[in-house]
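# Notes for the structure review
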Amino acid sequence: MEYLNSIANVKNGLIVSCQFDTEDPFNNPEYVSLFALSAQMGGAAGIRTEGKENIKATKEKVQLPVIGLIQANYPDGSV
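Here goes a summary of the coordinates provided. (Residues numbered from 1 in each chain as written. Predicted model: local features only at pLDDT ≥ 70, side-chain atom pairs only at ≥ 80, totals over all residues. Heavy atoms only, no water.)

## Side note on the overall build of the protein
What the protein contains, in helices and strands, is 3 helices and 3 strands. Reading the secondary structure of the protein in the N-to-C direction produces α-β-α-β-α-β. Summarising its shape, the C-alpha atoms of the protein cover approximately 45 × 25 × 15 Å along the three principal directions. A fraction of 47% describes how many contacts in the protein between residues 6 or more apart in sequence connect residues 24 or more apart. As presented, the protein carries roughly 5,600 Å² of accessible surface, and 52% of it is formed by carbon and sulfur atoms. Taking the average location of the 6 positive side-chain charges in the protein and that of its 9 negative ones, the two points are 10 Å from each other. (Helix = DSSP H or I, 4+ residues; strand = E, 2+ residues; numbered from the N terminus. Contact = heavy atoms within 4.5 Å. Areas by Shrake-Rupley, 256 points an atom, 1.4 Å probe, with all protein chains shown as cover. Lys, Arg positive; Asp, Glu negative; His and termini not counted. Charge placed at Lys NZ, Arg CZ, Asp CG, Glu CD.)

This is the structure:
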């Protein structure tokens, strides 16, 4: 498969968010990466996901730029 990881491909393209709530049964690196692969097959230009293991699994599965987030909740309520 052609390597698609280029900023030129992301410009004006759709970045698909592939992440789930902590308690969601799909919040599993295997499932998240399969959702990301489906998004790639559907024409996504990039993937956004959260969590170290989800980011790692997604990067191994797709050939798109991956925007990886590590979210945390703080005592003052900010994220």
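Alright, that's what it looks like, and here's the rest.
## Re the packing of aromatic side chains
Enumeration according to the criterion identifies 4 aromatic pairs in this entry. On the numbers, 5.8 Å between centres and 35 degrees between planes, the contact of phenylalanine 20 with phenylalanine 26 is tilted. (Phe/Tyr/Trp six-rings, centres within 6.5 Å; stacked < 30°, edge-to-face > 60°.)

## Remarks on the environment of glycine 46
Position of glycine 46 relative to the elements: it lies in strand E2 (residues 46-50). Taking relative accessible area as the criterion, glycine 46 reaches 2% and is therefore assigned buried. Counting along the chain gives 34 residues from glycine 46 to asparagine 12, while the straight-line C-alpha distance between them is 11 Å. Leave out the neighbours within four places in its chain, and glycine 46 touches Leu14, Ile15, Val16, Leu64 and Pro65. (Buried < 20%, exposed > 50% of the residue type's maximum accessible area, 1.4 Å probe, protein only.)

## Thoughts on the side chain of asparagine 54
Tracing the backbone through its elements, the reader meets asparagine 54 in helix H3 (residues 52-61). Polar side-chain contacts of asparagine 54 include one of 3.0 Å to the backbone oxygen of glutamate 50. If near-sequence neighbours (up to four positions away) are discounted, asparagine 54 is found in contact with Asn27, Asn28, Pro29, Val32 and Thr49. (Polar contact = N/O pair within 3.5 Å; in protein donor to acceptor, adjacent residues only side chain to side chain.)

## Thoughts on the pairing of strand E3 (residues 66-69)
With 4 bridges connecting them, E2 and E3 associate as parallel partners. From the neighbouring strand, isoleucine 47 faces E3, where its bridge partner is valine 66. The handedness of the E2 to E3 crossover, carried by H3, is right-handed. (Pairing = 2+ DSSP bridges. Right-handed = clockwise from strand over helix to strand, strands pointing away.)

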